[in-house]
Amino acid sequence: MTVSAKIGPAVVLILALTQLIAVRAEDWPQWRGPNRDGVWSESRILETFPPNGLKVMWRAPVGIGFSSPVVAGGRVFVTDSELAKPKARERVHAFDAMTGQDLWSYAYDVNYPDGAFDEKSLRGPIATPVVESGRIYTLGASGKVFSLEAVKGDVLWQKDLKQEYPASDLYPSPSPLIEGDLLILLVGAKPGASVVAINKNTGKEVWKALDEEASASSPILVSAAGKRQLIIWTPQSVTALDPATGTTYWRQRLNTTQDATVSTPVYYKGNLLIGGLMLKLDSEKPGATVLWPKSRATARRILSDTSTAMFRDDYIYSARSAGEFVCLEASTGKQLWETDKVTDLKSGASVHVTANGNSALLYNDRGELIRAQLTPKGQHSAGAYVRQLNSSAPDKSMQNFPDGRLL
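Residues numbered from 1 in each chain as written. Predicted model: local features only at pLDDT ≥ 70, side-chain atom pairs only at ≥ 80, totals over all residues. Heavy atoms only, no water.

**Focus on the overall build of the protein chain**
- Across its full length, the protein chain holds one helix and 32 strands.
- Taking all 407 residues of the protein chain together, 55% fall into the buried category.
- Counted over contacts in the protein chain with a minimum sequence separation of 6, partners at least 24 positions apart contribute 49%.
- In the structure as shown, the protein chain presents an accessible area of about 17200 Å², 48% of it carried by carbon and sulfur atoms. (Helix = DSSP H or I, 4+ residues; strand = E, 2+ residues; numbered from the N terminus. Buried < 20%, exposed > 50% of the residue type's maximum accessible area, 1.4 Å probe, protein only. Contact = heavy atoms within 4.5 Å. Areas by Shrake-Rupley, 256 points an atom, 1.4 Å probe, with all protein chains shown as cover.)

**What about the sheet that holds strand S17 (residues 227-233)?**
- Taken together, the four strands give an open sheet; going across it, the order is S16-S17-S18-S19, and neighbouring strands pair in antiparallel fashion. Because the sheet does not close on itself, it has two edges, and the strands there are strand S16 (220-224) and strand S19 (248-253). With strand direction ignored, the average angle separating the axes of adjacent strands in the sheet is 25°. (Pairing = 2+ DSSP bridges. Axes fitted to C-alpha atoms, helices over the stretch in contact; angles between N-to-C directions.)

**A short note on the confidence of the model for the protein chain**
- For the protein chain, per-residue confidence averages 88 on the pLDDT scale, and residues scoring 70 or more make up 88% of the total.
- Every residue in residues 379-407 is under pLDDT 50, and counting partners more than four places away or in other chains gives 94 contacts. (pLDDT = per-residue confidence, 0-100.)

**As for the pairing of S19**
- Inspection of the sheet shows strand S18 (residues 237-241) paired to S19 by five bridges, in the antiparallel sense. When the sheet's bridge partners are listed, Thr239 is paired in S19 with Arg251.
- Counting the residues between successive antiparallel strands, the hairpin from S18 to S19 contains six residues, one of them, Gly246, with a positive phi of roughly 85°.

**Quick word on empty space enclosed by the protein**
- All told, the structure shown has one cavity of 30 Å³ or more when counted by the stated rule.
- Roughly 60 Å³ of volume is contained in the largest cavity.
- What lines the largest cavity is simply Ser263, Thr264, Val266, Leu273, Gly275, Leu303, Ser304, Ser307, Thr308, Ala309 and Ser318.
- In terms of residue class, the lining of the largest cavity is made up of four nonpolar, seven polar and no charged. (1 Å grid on protein atoms, 1.4 Å probe; cavity = no way out; pocket = protein on both sides within 12 Å on 5 of 7 lines; lining within 4 Å. Points joined across faces, edges and corners; volume = space filled by probe spheres on them. Nonpolar A, V, L, I, M, F, W, Y, C, P; charged D, E, K, R; others polar.)

**Things to note about the sheet that holds strand S15 (residues 205-209)**
- With antiparallel pairing, the four strands of this open sheet are ordered in space as S12-S13-S14-S15. The open sheet has two free edges, formed respectively by strand S12 (177-179) and S15, since each of these has just one partner strand. Ignoring strand direction, the axes of neighbouring strands in this sheet form an average angle of 30°.
- Sheet topology places S12 next to strand S13 (residues 182-189); three bridges connect them, and they run antiparallel. Each bridged residue has a counterpart across the sheet, and for Ile178 the counterpart in S13 is Leu183.

**Concerning the pattern of salt bridges**
- Taken as a whole and judged by the stated rule, the model has 13 salt bridges.
- Linking Arg228 and Glu179 is a salt bridge whose minimum nitrogen-to-oxygen distance equals 3.0 Å. Remark: Glu179 occurs in strand S12 and Arg228 occurs in strand S17; sequence separation between them is 49 residues.
- Three or more residues joined by partner-sharing salt bridges are found here, namely Asp80, Glu82, Arg89 and Arg91. (Salt bridge = Lys/Arg side-chain N within 4 Å of Asp/Glu carboxyl O.)

**So, the layout of surface pockets**
- The space that makes up the second largest pocket amounts to roughly 600 Å³.
- Lining the second largest pocket are 30 residues; nearest its centre among them are Asn35, Arg36, Asp37, Ile220 and Leu221.
- Taken together, the elements giving at least two residues each to the lining of the second largest pocket come down to strand S8 (130-132), S12, S16, strand S20 (266-268), strand S24 (310-312) and strand S28 (351-356).
- Class assignment of the residues belonging to the lining of the second largest pocket gives a composition of 19 nonpolar, four polar and seven charged.

**Considerations on the packing of aromatic side chains**
- Tallying each qualifying case throughout the model produces nine aromatic pairs.
- Plain terms: the ring middles of Phe77 and Trp104 are 6.1 Å apart, the flat faces sit at 50° to each other, and that makes the pair tilted. Separated by 27 residues along the polypeptide, Phe77 in strand S5 (residues 75-84) and Trp104 in strand S7 (residues 102-110) bring together distant segments of the chain.
- Judged by centre distance (6.3 Å) and plane angle (45°), the rings of Tyr137 and Trp157 are tilted. Here Trp157 lies in strand S11 (residues 155-160) and Tyr137 lies in strand S9 (residues 135-139), a separation of 20 residues in the sequence.
- Ring pairing ties together the aromatic residues Tyr106, Tyr108 and Phe146, which thus form one cluster. (Phe/Tyr/Trp six-rings, centres within 6.5 Å; stacked < 30°, edge-to-face > 60°.)

**Let's talk about the environment of Gln229**
- By secondary structure assignment, the location of Gln229 is in strand S17.
- On the basis of relative accessibility, which here comes to 1%, the residue Gln229 falls in the buried class.
- Distance in space between the C-alpha atoms of Gln229 and Tyr249 is 7.8 Å, their sequence separation being 20 residues.
- Within the local environment of Gln229, its side chain forms a polar contact with the side chain of Trp250, the two groups lying 2.8 Å apart. (Polar contact = N/O pair within 3.5 Å; in protein donor to acceptor, adjacent residues only side chain to side chain.)

Here you go:
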């Protein structure tokens, strides 16, 4: 069994995290996993990392890209770009999940601006693909959408959103999701097409909604008040749409910036965390009320401008924008503890949290993978081992962090 991580822009790396490597793990077919909630349900995970680090099962070179790999049907899929100024291509790759064998690649030409070839601002796909029923759906950085056959990579249909909405400054960063027969995209198209739903079998547009800027925040689906609700976070608002029609159920103004509108909404037992804003969803009819914070200041309503929080029981565990890692009381937003030991304290720091049983995997912007038991008192953190994944720096050990501190 394995977990996969993309390390920097140049490598797909597969690590063994369980004791039974020969058995295939559950699929991870879309952004944040099967249920889009950042939960990895795999059992028999190593309690502690080996002294010499996790075994690298295989690695493969790839180009520039910012999407996550996805795993389905024994294959690992990842998107990237191939840059050779003035030409650029976006690509979709499929690897065998157990061996790393390159099964197929599909490439298509794109028109990137000159800045995309600058070493400081290299460009590639951002949205993570989604795999369902033997098909992989991708959204590229230039607004091209593809449905490919997952086994061989044959094109089933394609769509160019830039051609369909030529007046739009598209921002195709959020990862697509599937609801029934619909592939739902948050791209910021104009007019009135911030969100576009297309038939996943044909590529034909079914509905469009909202006239707001796009963000980097990927949408989610929740069930509340007896309705399926599509949660969309833009720099202007949080909106719940009927995923079947695009009709608005409710809208909460939330003025932020595009740079801050990054994390994915997190839902748990009627509570919806948007950045650093906690909403309570009405159980009788579609609607939402603000629980905390009462302040409308943007800085108070954003926990992290890079990372998505973990909602466990009555507590929130999250990075902050400057790199601190904190535990908050979900009902009030009160901070219970903070540590500055998970990553560097700097603007743009990130800590991506994946829940697994009663523990969590923390992957930070230093390329370190940490296993920890997170509790409201910060006890029994099993961050007992940290491995440098993206550099030649030596592996190092960590002690527990009582009271929320890594020592």
